[in-house]
Amino acid sequence: MLASSNAVRRLVAQQATSKAPLAAAVAKRFKTSGAGVRHITKISDLSRPEISSILSLAMEMKATPTDYFTALENKTLLMLFEKPSLRTRVSLEAGMTSLGGHGIAYMTGDSPIGKKETYEDTGAVLSRMCDAVTARVKSRDQIAGLAANSTIPIVNALDDYAHPMQMLADMQVMMEHSGVGPSGTADGLQGTKFAFCGDLNNNVTYDLMRTGAIMGMDVRVAGPKGAEFAIEQSVLDECAELSSASPDAGTVKVCETAEEAVDGADFVYADSWMSYGIQGEERNKRFNMLLPYQVNSKLMGLAAPTAKFMNCLPAMRGEEQTADVIDGPQSIVFDQAENRLHAQKALLYKLILKEIV
């Protein structure tokens, strides 16, 4: 965990005689614009203490939502959608409404961005009109472009490299099912054994790996061999760096088989095998290559007796998991989906009110 409280203290000690070098060092780790604003492009743009504070607030908001009905009064969130959405749009729009603010859903298919105007210009313009922007897009370059000149928080709502809002919801649900309350979120996942089976060349997989390294988890992932399923080297390098940054950091291992990954796991995670538009022979090929990594009852039997099954949804029964698993007593997928609402409310609250900068 590169930016734990201990790491920040070390930076302060090293730079005690000069504030400017310290600011530069912190900015290198976190995505800022230099204008007192934080952009969240991937889960590792947040430190462990920051994640803990968000999750504690999310739990409090979930327990007593009426206490926050005016928390973001007169604040506006713009939600950019290039990719289809259900959970993201509904949770963000409902969340802003429940905090007393307003959410605007902008479908880029109707009026594309990055065509007649650069993403950098769009980010600068939106900074004059809104309090924060979420963007569900195809490419990490689009997120970077929006953030480049923005003086309001830009939050990645999904791209090809990360899915940080989903990670917050996932951590919240794992803590809840581990009996962790708002006061225990800093170490609530320490030592947790976590397995992912399926396509490893995947935005969710990448951020789950980062999450585990930051939060002190034992993460094991398994998927087919071949370039189309391979983890990007930059992700492996980042996870290695995160894992070596603190004695409390987690570990990430790429396993040969699903059975190796799931053995003794506390949580087992699957994600969609097929992107939109994959059909015909290509679909059949992917299905056959991924089938050994399907989460079924036999595979779940290798996990811990109290293990829970997770999927960020949408899910296809008979593909990444069988119906008896996702509809069975170990499944927490709908608790997981609900927490998108609470975790995102907490994140937006802290970003818009500059509790995290």
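Structural data are supplied above this passage.
In what follows, the accompanying structure is described. (Residues numbered from 1 in each chain as written. Predicted model: local features only at pLDDT ≥ 70, side-chain atom pairs only at ≥ 80, totals over all residues. Heavy atoms only, no water.)

## Details of the nonpolar core
In step 1: One finds Ile51, Leu168, Met171, Phe194 and Leu347 to be the most contacted residues of the largest nonpolar core, which totals 62 residues.
In step 2: It is helix 7 (residues 164-176) that provides the largest number of residues to this core, a total of eight residues.
In step 3: Excluding its chain neighbours within four sequence positions, the residues that come into contact with Leu347 are Ile40, Leu46, Ile54, Val155, Met165 and Leu168.
In step 4: By size, the runner-up hydrophobic cluster in this structure holds 24 residues, among which are Ala195, Ala222, Val268 and Ile326. (Core = buried A, V, L, I, M, F, W, Y, C linked by side-chain atoms within 4.5 Å. Buried < 20%, exposed > 50% of the residue type's maximum accessible area, 1.4 Å probe, protein only. Helix = DSSP H or I, 4+ residues; strand = E, 2+ residues; numbered from the N terminus. Contact = heavy atoms within 4.5 Å.)

## Here's the deal with the pattern of salt bridges
In step 1: Following the criterion strictly, the structure yields 17 salt bridges and no others.
In step 2: A salt bridge links Asp187 to Arg48, with the nearest nitrogen and oxygen atoms 3.2 Å apart. Here Asp187 is found in the loop between helix 7 and strand 7 (193-197), whereas its partner Arg48 is found in helix 3 (residues 48-63), with 139 residues between them in sequence.
In step 3: Residue Asp187 is classed as exposed on the basis of its relative accessible area, which comes to 53%.
In step 4: Measuring nitrogen to oxygen at the nearest pair gives 2.7 Å for the salt bridge that ties Arg210 to Asp207. A residue pair is termed a helical-turn pair when its members lie 3 or 4 positions apart in one helix, as Arg210 and Asp207 do in helix 8 (residues 203-215) at three residues.
In step 5: For Asp207, a relative accessible area of 0% translates into the label buried.
In step 6: By sharing partners, the salt bridges in this structure join Lys42, Asp207, Arg210 and Glu238 into a single network. (Salt bridge = Lys/Arg side-chain N within 4 Å of Asp/Glu carboxyl O.)

## Points about the packing of helix 7 against helix 8
Between two packed helices, what matters for the description is the angle formed by their axes and the separation of those axes.
In step 1: The interhelical angle for the contact between helix 7 and helix 8, taken along N-to-C directions, is 55 degrees, at an axis separation of 10 Å. Classified by the angle between their axes, helix 7 and helix 8 sit oblique to one another. With respect to the hand of their crossing, helix 7 and helix 8 are arranged in right-handed fashion. Residue-level contacts link Pro164, Met167, Asp170, Met171 and Met175 of helix 7 to Val204, Asp207, Leu208, Thr211 and Met215 of helix 8. (Axes fitted to C-alpha atoms, helices over the stretch in contact; angles between N-to-C directions. Parallel < 35°, antiparallel > 145°, perpendicular 65-115°, else oblique. Left-handed = near helix turned anticlockwise from the far one by under 90°.)

## Digging into the environment of Ser297
In step 1: For Ser297, the position within the fold is in helix 12 (residues 297-300).
In step 2: In sequence terms Ser297 and Thr322 are 25 residues apart; their C-alpha atoms lie 7.7 Å from each other.
In step 3: Separated by 3.3 Å, the side chains of Ser297 and Asp324 make a polar contact. (Polar contact = N/O pair within 3.5 Å; in protein donor to acceptor, adjacent residues only side chain to side chain.)

## A closer look at the pairing of strand 7
In step 1: Of all five residues that make up strand 7, four are buried, and the element is covered over most of its length.
In step 2: Pairing of strand 7 with strand 8 (residues 218-222) involves five bridges; the strand directions are parallel. Bridge pairing in strand 8 places Ala195 opposite Arg220.
In step 3: Sheet topology places strand 7 next to strand 10 (residues 267-270); three bridges connect them, and they run parallel. Bridge assignment links Phe196 to a residue of strand 10, and that residue is Tyr269. (Pairing = 2+ DSSP bridges.)

## Focus: the sheet that holds strand 9 (residues 251-255)
In step 1: Strand order in the open sheet formed by five strands is 9-8-7-10-11, with parallel pairing between adjacent strands. One side of each edge strand has no neighbouring strand; the edge strands of this open sheet are strand 9 and strand 11 (308-311). Pairwise comparison of adjacent strand axes, ignoring direction, gives a mean angle of 20 degrees for this sheet.
In step 2: Where helix 14 (residues 333-352) meets the sheet, its contacts fall on strand 10 and strand 11, and the angle it forms with strand 11 comes to roughly 50 degrees.

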